[in-house]
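Summary of structural features
So you can see what is in the structure, the chains are spelled out below.
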Amino acid sequence: MAETPATPTPEVPAPKPFVPFEPVLTRYIHDPDAHTIEHFLARGGYETARRHVGVTDPATLVATVKDSGLRGRGGAGFPTGMKWGFLAKGTGKPTYLAVNGDESEPGTHKDRHILEKDPHQLLEGVILTCWAIQSNHAFIYLRGEFILGYQRLEAAVKAAKEKGFIGKGIFGTGFDLKVTVVRGAGAYICGEETGMLSSIEGGRGYPKIKPPFPAVSGLFKCPTIVNNVETIANVTHIVKHGADWHKQWGTEKSPGYKIFCLSGAVKKPGVYEVPLGIRMIDFINEYGGGLVEGRTMKAVIPGGLSAPLLTPEMVEKCTLDYESLAGLGSMLGSGGITVLHDGVDMMSAIYNTMRFYHHESCGQCTPCREGTGWLEKLAHKHHAGHAAAGDADLLADVAKNMRGRTICVLADAAAMPMQSYLQHFRPEFDKRVGEAPRVAKVRTARDEITPAAKRDAAVHGAPSVEKVGMGDRT
Amino acid sequence: MTAKTLSPERLRQFHDWADEYPNKRSMLMMTLRLVEEEFGSIDDEGMRIAADLCGVNVAHVQGMVTFYTHFKRPAHGKHRFMVCATLMCALDGNTDAALAQIRAKLGLQPGQTSADGLFSCEKVECLADCDKPPVLQKDNEHFCSMKGAVLDEYIDSLLAREGKTPADYTGAGAPAPVATDLRVAVLPAAYTFPGETETGARRFDDKNPHGPTVPEPQAPRTTAIPPALKTPLTAPVAGTPFRNPGASATHDHKGGDHHG
């Protein structure tokens, strides 16, 4: 799942011209045999790992990744090399690498392609990363719905073990490496890094309070590095070609390339790997083939469902990098771009979005557990057309009070899209006020004390209170 | 009635994992998958087996199974349809189209199981293939762009495999589907949770949360264990009471939280 962008910067960098780009991570995904170890070895696979494991100083590898400016591809965009640098040393405990393949952010389906079609690319990245952070055990956590991905990755781990790339004394060195694949079972919250760790530990996917960050105390209370599948897959290429090679693409602060997932009202939805910093409108038109016939753009969700919406005017100004989107009040997130056309009912869209977050809230923190429920119910009132005057203000109030008050960012992930819908599509909320006849309801004393009931009473007159008692629920 | 057990192959798989995982509790996610594979779904007995193997209490396993929605439960149909209902699939009525087709063929609304237990249908959240809506999973099979003739043909093929026709589910006099009941059975009153005292307090070592639970000094029993709810959500299966894993001598509880 996506997290809050690190530091929003107001200035939007100058857009780069559109240039064709040869994919790096997704280059072989159309080959039917690309998931086999034979195919991977034939294209020079595991050579980079063989050259560096047991030979290169781990600090050099960390420095290379730090120099490359690689940023986490899971959503938060935190610099990967810097994260590795935070790893607690000399604790006497084992160090773990946890690869996040939960990919639960709606609109994102990039890791699926790496896992299903090129799993050895990920494993080579895991081997190099484990050598760089001196970890002997890597966990790869996949969402339970990735059935083919799990089968292919398990087969890949088995094949790599047989070749001596994973196991005791890999590549004939004294370095041991265990790789364990764990399947999730349908919980969005396990995409949050500490939620994923809780799940690997055999519990419900409850996120943990940070600090301590996983780099200090993570999996089994040991120092742990958590990285996204795409981030780890990038490591091989950066180590192979060097930091400067990676920096030839992208912007100064967002170097490199990234896999974007395009869905919604475009002619050619799909997965495209492009250099960071290209214009979003070019991406939609050149790769996605533009909007479907007879439709115009109403809004774009730029980085998975939790990213605030962009209006068509903002899309014109937007480039695909972390700073540009942060400057526009949104985020690049996990790179799931969804185009909404002019026929989309925004009230249905926001209701659907809020239902998702209410369903996926783990229930640990009150602002999130209750807040997402409030957002869903109020969004449903607008969707069904029986909202009361002031319900939109209440939505804004609930959303504002959810942000930054919970253990993880799921509350923010739910509140941010709501705030952006309110900001850009407020007239559509107001249009639904009192559109459909209000549903008759037995009121209780409990209703009297809620803000919604007070406001309803102001609008519709005082309700008749039939039953009194705080425990009553209607 | 003999108690269910995992097959030797799956038990071997479990013990292979035991070499990889730092403790038994962390194998729970994958153990539940083994149970799901073995028995087709995770029922009360399956939860007890997973709890025994991983050295945790049954209540913890119930908590896991009800938290993670992808585990298959006995109330789900033999063929479990999961239709993605999140925004990217729901745009332009794709989800609704798929659900309408399932309803037309099988008479099922989301959240229902057919009376014969063969089919169930549910709305789920994002299945991560957003460029090809609507996305549908049937148990362990994943499908994209699943609407129109493709979906109809697929449902027909399943019906043919089961020797059924749509009329068996939607025709006049066809039995009405039932709501898919995913609740877990209440634990019997006599059940003592491993690691819990008789008064219900749990001893927990903060410094070593995954290690064995510190035994509570034996004190006279002061509070009666509350009786089970008057109306159990699902009646426990007769003859297979929950066993106290702490009392079992057949399983090794190293790393678990059992209490003498």
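Everything numeric in this text was worked out from a predicted model, so none of it was measured. (Residues numbered from 1 in each chain as written. Chains lettered and ligands numbered in written order. Predicted model: local features only at pLDDT ≥ 70, side-chain atom pairs only at ≥ 80, totals over all residues.)

**What about helix 4 (residues 58-67) of chain B?**
In an α-helix, one turn spans 3.6 residues; hence positions three or four apart end up facing the same way. Residues and elements named next belong to chain B. Among the 10 residues that make up helix 4, 7 are buried, leaving the element largely enclosed by the rest of the structure. Considered for burial, the residues of helix 4 that qualify are V58, H60, V61, Q62, M64, V65 and F67. Among the structural elements, helix 2 (28-39) and helix 3 (44-54) are those in contact with the buried residues of helix 4. (Buried ≥ 20, exposed ≤ 12 C-beta atoms within 10 Å, placed from the backbone. Helix = DSSP H or I, 4+ residues; strand = E, 2+ residues; numbered from the N terminus. Contact = placed C-beta atoms within 7 Å.)

**Remarks on the interface of chain B and chain A**
A common way to report how large an interface is uses the accessible area buried once the components associate. Listed per partner, the contact involves 34 residues of chain B and 42 residues of chain A. Within the residue set of the side of chain B that touches chain A, elements represented by two or more residues are helix 2, helix 4 and helix 5 (87-90) of chain B. Looking at the side of chain B that touches chain A residue by residue, the classes come out as 19 nonpolar, 9 polar and 6 charged. (Nonpolar A, V, L, I, M, F, W, Y, C, P; charged D, E, K, R; others polar.)

**Quick look at the environment of F220 of chain A**
Residues and elements named next belong to chain A. Relative to the elements of secondary structure, F220 occurs in the loop between helix 8 (193-200) and strand 4 (224-228). Since 20 C-beta atoms lie within 10 Å of it, F220 is described here as buried. Counting along the chain gives 124 residues from F220 to Y96, while the straight-line C-alpha distance between them is 9.2 Å.

**Looking at the nonpolar core**
One finds A98 and I127 of chain A to be the most contacted residues of the largest nonpolar core, which totals 187 residues. Not counting chain neighbours up to four residues away, the residues in contact with A98 of chain A comprise F139, Y141, M196, L197, I200, L219, T224 and V226 of chain A. (Core = buried A, V, L, I, M, F, W, Y, C linked by C-beta atoms within 7 Å.)

**Quick look at the confidence of the model for chain A**
Any residue range with low pLDDT should be treated as having predicted coordinates unsuitable for detailed reading. Averaged over every residue, the pLDDT of chain A is 89; residues scoring 70 or more account for 88%. Counting interchain partners and residues more than four positions distant, the pLDDT-below-50 stretch residues 463-474 of chain A has 19 contacts. (pLDDT = per-residue confidence, 0-100.)

**A closer look at the packing of helix 5 (residues 110-117) of chain A against helix 9 (residues 229-241) of chain A**
Any two packed helices are characterised by the angle at which their axes cross and by the distance between the axes. All names here are of chain A. Closest axis-to-axis distance for the helix 5/helix 9 pair is 9 Å, and the angle between their directions is 55°. Classed by the angle they form, the pair helix 5 and helix 9 counts as oblique. For the pair helix 5 and helix 9, the contacting residues are K110, D111, I114 and L115 in the first and V229, E230 and A233 in the second. Residue composition of the contact of helix 5 with helix 9, grouped by class: 4 nonpolar, no polar and 3 charged. (Axes fitted to C-alpha atoms, helices over the stretch in contact; angles between N-to-C directions. Parallel < 35°, antiparallel > 145°, perpendicular 65-115°, else oblique.)

**Details of helix 8 of chain A**
Counting buried positions over the 8 residues of helix 8 of chain A gives 7, a clear majority of the element. Those residues of helix 8 of chain A that fall on the buried side of the exposure criterion are E193, T194, G195, M196, L197, S199 and I200 of chain A. Along its buried surface, helix 8 of chain A packs onto strand 1 (96-101), strand 2 (137-142), strand 3 (178-183) and strand 4 of chain A together with helix 2 of chain B. Looking one or two residues beyond helix 8 of chain A, the residue adopting positive phi is G202 of chain A, at roughly 90°.

**Here we look at the confidence of the model for chain B**
All names here are of chain B. The share of residues in chain B with pLDDT of 70 or more is 70%, and the mean pLDDT across the chain is 79. In the predicted structure, residues 232-238 sits below a pLDDT of 50 and forms 12 contacts with residues beyond four places in sequence or in another chain. Overall, residues 244-260 carries pLDDT values under 50, and its contacts beyond four positions in sequence, including any with other chains, amount to 40 contacts. Scoring the predicted complex yields pTM 0.83 and, for the interface, ipTM 0.86.

**Describing the sheet that holds strand 4 of chain A**
Residues and elements named next belong to chain A. The 4 strands lie next to each other as 3-2-1-4, forming an open sheet whose pairing is parallel. Each edge of the open sheet carries a strand with a single partner, namely strand 3 and strand 4. Each neighbouring strand pair of the sheet contributes to a mean axis angle of 20°, computed without reference to strand direction. Alignment of strand 1 against strand 4, held across 5 bridges, turns out to be parallel. Note on strand 4: the bridge partner recorded for A98 is V226. Strand contacts of helix 8: strand 1, strand 2, strand 3 and strand 4, with the helix running at about 110° to strand 1, the strand carrying the most contacts. (Pairing = 2+ DSSP bridges.)

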